[in-house]
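Examining the three-dimensional arrangement
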Amino acid sequence: MAKQLPAILGGSPVRPTGVPCWPQEDPLVRAALLKMIESSDWGRYHGPHIPKLCQRLADYHQVEHVLPCSSGTAAVELALRGVGVAAGDEVILAGYDFKANFQNILRLQATPVLIDIDPESWQMDVTRLEASVSTRTRAILISHLHGGVVDAPLARQCADRHGIPLIEDACQNPGAMLHGRVSGTWGDVGVLSFGGSKLLTAGRGGAVITARSDVAERIKRYIHRGNEAYPLSEMQAAILVPQLEQLDDKNDLRRHSVSRLHDGLQGLEGLTLIQIPTECVKPTYYKVGFRYAAEKFAGLPRDRFAESLRAEGIAFDAGFRGLHLIHGSRRFRAADPLSEVTCADAKVLTLHHPILLEEGSAIEDVIVAVHKIREWSTEITARLGPATRDVEQSLSRL
Ligand SMILES: *Cc1c(COP(=O)(O)O)cnc(C)c1O
């Protein structure tokens, strides 16, 4: 039988319905919205929904203080301010992280100090923290990325030894359990996002969680200016409550799908999950992170591979850029050569989460599509050449 032509070369896609939409249809969210309309609560500054959401988040994370705000990006800024980061300070983060985390540090006129990631998990290599602490270090920022988890207990130990506050970005893994604690609660301050693509979504929104009253007070003083500067609305809070109630169940489904994906891709060289669940960790997945080796796909460049999968109806994308590769060297201090970050910059692939909750053959479809593109990798490279970002990257490294 002839090989099925891939969609990127004009064939039919493995998933003709395309990438599943997000957020999913949710009867509880619909009911919450209808109730908002009937009660006129949708238009109020203040009402029962924000306090209810905060209480639920506080119970769920077992922290005393929850400060809702307008985005995860704002929440990171508030967390930095909350632990007292100011001009001239240093904040340590991984060289592979969400762009806005770096920018937030600059915005406070502090200096990002970049450290390398672990070659196995591609999360911050916390064993490098110790050597990168200086007298100016005012905070350590850890981010759990692409389904992986940072070794938070070890980061906590280092932070405690030096009396430096730890900020934990849990935007990508709300509800994950790490060594007996919910993600976001290993830090002095935790950060959540309710952005439109995230697992808990209100289109926009975020929250800071903390057990420290002094941090909560400092943040409140900053955001309350007679009026709130970074508000989350009643409407957003109302649709988040039912999502939080379902988070654990959905995270179970996501884990189950990723474990099927992992099994299904066993033996396929060149595409491996960046971290597989270990005993003390119950991860969750906003993106599923993979390590891509183009040489195992007949040289098919990473970005062209992602594009080919998207054409099949499967939402693969390149990961983040290495922060040291996209910012001038005067804007940060590199605590080490960041060689793993450079590697991840070129090799991370991510799969967007909505497909993990699809019923039926969705996970098999991913596996079939990956095999399909592999069979055609030589032809795709020959016909289309590198994808745009590959070209940009090779130019930027000249
Ligand atoms: C999404 C995200 C944020 C915050 O995003 P917002 O869109 O501003 O809510 C912060 N950190 C990480 C790691 C993220 O993935």
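Note that the structure is a prediction, hence the values are computed from the model and not measured.

Re the pattern of salt bridges
Per the counting criterion, the structure on display carries 26 salt bridges. Ionic pairing is found between Arg 138 and Asp 89, a salt bridge with its closest N-O pair at 4.0 Å. Taken together, the positions of Arg 138 in strand β4 (residues 137-143) and Asp 89 in the loop between α3 (72-82) and β2 (90-94) put the pair 49 residues apart, joining distant regions of the chain. The salt bridge involving Asp 336 is made with Arg 128; its shortest N-O contact spans 3.5 Å. In this pair, Asp 336 is assigned in the loop between β14 (333-334) and α11 (339-347) and Arg 128 in the loop between β3 (111-115) and α5 (129-132), connecting sequence segments 208 residues apart. What makes Arg 128 partly exposed here is its relative accessible area of 30%. One salt-bridge network, in which partners are shared between bridges, spans Arg 156, Asp 160, Asp 188, Arg 212 and Asp 214.

As for the packing of helix α2 (residues 49-61) against helix α8 (residues 234-265)
The interhelical angle for the contact between α2 and α8, taken along N-to-C directions, is 30°, at an axis separation of 8 Å. When the axes of α2 and α8 are compared, the pair comes out roughly parallel. Handedness of the crossing formed by α2 with α8: left-handed. Two secondary-structure elements touch here, α2 through His 49, Ile 50, Pro 51, Lys 52, Leu 53, Arg 56, Leu 57 and Tyr 60 and α8 through Glu 234, Ala 237, Ala 238, Leu 240, Val 241, Leu 244, Glu 245, Leu 247 and Asp 248. Grouping the constituent residues of the contact of α2 with α8 by class yields eleven nonpolar, one polar and five charged.

Focus: empty space enclosed by the protein
Throughout the structure, instances matching the rule amount to two cavities of 30 Å³ or more. Of the pockets and cavities examined, the largest cavity occupies roughly 40 Å³. Taken together, Ala 94, Tyr 96, Asp 97, Ile 117, Trp 122, Gln 123, Met 124, Ile 142, Ser 143 and Leu 145 make up the full set of residues lining the largest cavity. Of the residues that constitute the lining of the largest cavity, the class distribution is seven nonpolar, two polar and one charged. Estimated volume of the second largest cavity: approximately 30 Å³. For the second largest cavity, the full set of lining residues is Val 19, Pro 20, Gly 313, Ile 314, Ala 315, Leu 351, His 352, Pro 354 and Ile 355. Class assignment for the residues of the lining of the second largest cavity results in seven nonpolar, two polar and no charged.

Some thoughts on the sheet that holds β2
Reading across from one edge, β1-β9-β8-β5-β4-β2-β3-β14 is the order of the eight strands in this open sheet, with mixed pairing throughout. Each edge of the open sheet carries a strand with a single partner, namely β1 (65-69) and β14. In terms of strand pairing, β2 meets β4 through three bridges, oriented parallel. Each bridged residue has a counterpart across the sheet, and for Glu 90 the counterpart in β4 is Thr 137. Here α3 sits on the sheet in contact with β1, β2, β4, β5 (166-169), β8 (189-193) and β9 (206-210), set at roughly 170° to β8.

A word on the domain arrangement of the protein chain
Looking at the protein chain, the domain boundaries give domain 1 (27-244) and domain 2 (247-396). The gap between the C-alpha centroids of domain 1 and domain 2 is 25 Å. Listed per partner, the contact involves 47 residues of domain 1 and 43 residues of domain 2. Here domain 1 and domain 2 share an interface that buries about 3800 Å² over both sides, 62% of which is from carbon and sulfur atoms.

Examining helix α9 (residues 302-311)
The buried fraction of α9 is high, at seven of ten residues. The set of residues buried in α9 consists of Arg 302, Asp 303, Arg 304, Phe 305, Ala 306, Ser 308 and Leu 309. Of the residues trailing α9, Gly 313 is marked for its positive phi of about 95°.

Observations regarding the side chain of Arg 254
Relative to the elements of secondary structure, Arg 254 occurs in helix α8. Of the side chains with opposite charge, Asp 248 lies nearest to the buried Arg 254, which makes no salt bridge, at 8.6 Å.

Calculation rules
- Residues numbered from 1 in each chain as written.
- Predicted model: local features only at pLDDT ≥ 70, side-chain atom pairs only at ≥ 80, totals over all residues.
- Heavy atoms only, no water.
- Salt bridge = Lys/Arg side-chain N within 4 Å of Asp/Glu carboxyl O.
- Helix = DSSP H or I, 4+ residues; strand = E, 2+ residues; numbered from the N terminus.
- Buried < 20%, exposed > 50% of the residue type's maximum accessible area, 1.4 Å probe, protein only.
- Axes fitted to C-alpha atoms, helices over the stretch in contact; angles between N-to-C directions.
- Parallel < 35°, antiparallel > 145°, perpendicular 65-115°, else oblique.
- Left-handed = near helix turned anticlockwise from the far one by under 90°.
- Contact = heavy atoms within 4.5 Å.
- Nonpolar A, V, L, I, M, F, W, Y, C, P; charged D, E, K, R; others polar.
- 1 Å grid on protein atoms, 1.4 Å probe; cavity = no way out; pocket = protein on both sides within 12 Å on 5 of 7 lines; lining within 4 Å.
- Points joined across faces, edges and corners; volume = space filled by probe spheres on them.
- Pairing = 2+ DSSP bridges.
- Domains from an automatic or database assignment.
- Buried area = accessible area lost by both parts, 1.4 Å probe.
- Lys, Arg positive; Asp, Glu negative; His and termini not counted.

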